[in-house]
Amino acid sequence: MLTIAALAFLILSCNKGEAPQGSVNPPGNPPGNPPVGKVYTLTPDANGRLSIDDSNRQYKPGDVLLLKGNFSSIYFTNLSGSASAPIIIRNPSGAVTSIGNPNWNGGSWAEGLTFTNCHHIVVGGEKSRSEFVIRGSTGSGRAAYFDLILRAHTDNVEIRNLTITGGGTGIWAKTDPVKNDPSTWYPNSQMEHLSIHNVEISGTHNEAMYIGHTATYWDLTAGLSYYGTPANFTPGHEYVQPIKWHDVKIYDNYVHDIGADGIQTAAIDRLEIYNNEVTNWATQHNSAHNGGILVGGRTTNTNTHDNYVHDGWGELLQFYGSGENGSTHIIHNNLFRDNQVNNDGVSLRGSDNAIVQITNNTIAKTGGVSLRVNGYNGRMIQPQVIRDNALIQPRTGGSPLTANAYIYTEGGATVTEGSGGNANVKLPTVAEAGVDVNNYYQPRPGSPLSGSGYRRNG
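Residues numbered from 1 in each chain as written. Predicted model: local features only at pLDDT ≥ 70, side-chain atom pairs only at ≥ 80, totals over all residues. Heavy atoms only, no water.

1. Things to note about the environment of Ala413
As a reminder of what qualifies: Secondary structure is summarised from DSSP: a helix means a run of H or I of at least four residues, a strand means a run of E of at least two, and numbering begins at the N terminus for each. Per-residue accessibility, obtained with a 1.4 Å probe over protein chains only, is compared with the maximum for each type, and a residue is labelled buried under 20%, exposed over 50%, and partly exposed between these values. Should any heavy atoms of two residues lie within 4.5 Å, those residues are counted as being in contact.
With respect to the secondary-structure elements, Ala413 resides in the loop between strand S38 (407–410) and strand S39 (415–417). Taking relative accessible area as the criterion, Ala413 reaches 10% and is therefore assigned buried. Ala413 sits 100 residues away from Trp313 along the chain, and the two C-alpha atoms are 26 Å apart. In this view, Ala413 contacts Val373, Asn374, Gly375 and Met380; residues no more than four positions away in its chain are not counted.

2. Description of the pairing of strand S20 (residues 239–242)
Stated precisely, the cut-off is as follows: Any two strands with at least two DSSP bridges between them are considered paired.
Relative to S20, strand S15 (residues 185–186) is paired through 2 bridges, and the arrangement is antiparallel. Across the sheet, the residue bridging to Trp185 is Pro242, located in S20. Sheet topology places strand S18 (residues 217–219) next to S20; 2 bridges connect them, and they run antiparallel. Bridged to Trp218 within S20 is Val240.

3. Overview of the packing of aromatic side chains
The way to describe two aromatic rings as a pair is by their centre distance and the angle between their planes. Note the threshold: Two rings from Phe, Tyr or Trp (for Trp, the six-membered ring) form a pair when their centres sit within 6.5 Å of each other. Planes less than 30 degrees apart are called stacked, planes more than 60 degrees apart edge-to-face, and all others tilted.
Counted according to the given criterion, the structure contains 13 aromatic pairs. An angle of 15° between the planes, with centres 5.5 Å apart, marks the rings of Phe76 and Phe115 as stacked. Here Phe76, found in strand S6 (residues 73–77), pairs with Phe115, found in strand S9 (residues 111–116); they are 39 residues apart in sequence, far enough to count as distant. For Phe76, a relative accessible area of 1% corresponds to the buried category. Classification of Phe115 by relative accessible area gives buried; the value is 1%.

4. Things to note about the sheet that holds S20
Pairing is antiparallel in the open sheet, where 4 strands are placed in the order S15-S20-S18-S19. A strand with exactly one partner marks an edge of an open sheet, and here the two such strands are S15 and strand S19 (224–226).

5. Some words on the nonpolar core
Heads up, the condition is: We define a nonpolar core as any set of buried Ala, Val, Leu, Ile, Met, Phe, Trp, Tyr and Cys residues linked to one another through side-chain atoms lying within 4.5 Å.
By size, the foremost hydrophobic cluster in this structure holds 73 residues, and its most contacted members are Phe76 and Ile159. Those residues in contact with Phe76, other than ones at most four positions away along the chain, are Leu42, Leu50, Ile52, Leu65, Leu67, Ile89, Leu113, Thr114, Phe115, Thr116 and Cys118. By size, the runner-up hydrophobic cluster in this structure holds 13 residues, among which are Leu335, Ile392, Val425 and Tyr441.

6. Points about the sheet that holds strand S3 (residues 49–53)
We apply this condition: Lines fitted to C-alpha atoms define the axes here, with helix axes fitted over just the stretch in contact, and angles between the N-to-C directions of these axes take values from 0 to 180 degrees.
Read across the open sheet, the 12 strands follow the order S3-S6-S9-S12-S14-S17-S23-S26-S29-S32-S35-S38; overall the sheet is parallel. Each having just a single partner strand, S3 and S38 make up the two edges of the open sheet. The sheet shows a mean angle of 10° between the axes of neighbouring strands, taken without regard to direction. Direction of pairing for strand S14 (residues 169–173) relative to strand S17 (residues 209–211): parallel, over a ladder of 3 bridges. Looking at the pairing, Trp172 lines up with Tyr210 of S17.

7. Structural notes on the environment of Asn188
Here Asn188 lies in the loop between S15 and strand S16 (190–202). With 98 residues separating them in the primary sequence, Asn188 and Asn286 have C-alpha atoms 35 Å apart. What Asn188 contacts, discounting residues up to four positions off in sequence, is Pro182 and Ser183.

See below:
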């Protein structure tokens, strides 16, 4: 996990924009109702920067902040709208907002757009993602550059109509535990409501999206992540767990040409990932960071559906979620196809006896097995429900095509497969599947897929 240097010293100057220019109807305020917000135009300083600490609450719920011009970096701190009237941050009508420093190659100002302790915010283009663009570092040091950050309790955020290119990490959204701040320790608080939609992310060195804290524990004494068990805690050190997100939706995004994981999530309750396209991820060829979509540790009540993940180096989907408190997990109606070497298609290694319903997916032309289920040393040994899937041409990497190439269990894992009309269809070649490879693997007339596999909606 990358670490952000302290940002407090960056909040040095304050550009409060021009005089209010009128009023608008923010989301949640239907047309015809009295306008509730003012419009401000904010511009960069001589160095291309904008830093605003709104502790004095100059900006009110429903206000619109127009970012006019080309910014090298922007920092918002303590900016808060309300549930019914969020503060909207967008481009001026008819203009493009540009943020970031492609020439950054080390030092300060290593962020494009940062929100610290901000709440009820809508950020992005007025009408399309071409109107609001973040361009991150393209230099040799770009791994340490962050394009868009939500940190320090920032929540109730909608990110929409936005383009991100380059940099280290595209969208980074989590709160690190702080030694003297119990509100940053789970379960003392949580971050509410995050939606990310109609966003295109490309060319990042690391993850396109890093949503939620990946550390199982946090060593407050050392200030470091800890991924082991409590039995191996360092004596005398104080450990806590990072707080979680609650209610996250990631949808209608296009993620491509990514160095590490495409959409990575962790520590979230109520997570829905849908209608996304992810392609050409894990270009670093690092097996530790190679998931097209990653449903990570400490996630509960997840639903991953109607995604199209294809033509990448790494695994198409990875699941590490938790079954605590009877949480449910669904992987439904996704098209996962074409990855490289011996990487598997979908891999499961959850905890707390998580049970995943895996239904109506098409998993095709995988380097390794179609679906791997790992019992994780007894942590996930309840039967996984696997039915109505189309498993087509596994082990293109060259390993023998044995019976367990379609569903492979290890470490005490068990599965319950569908039968009869709900059976999984397992076919050794695409040709035998009778699908249209130019139309999202939809079955042609006479295909043996029958009712199994992915169906394109819309």
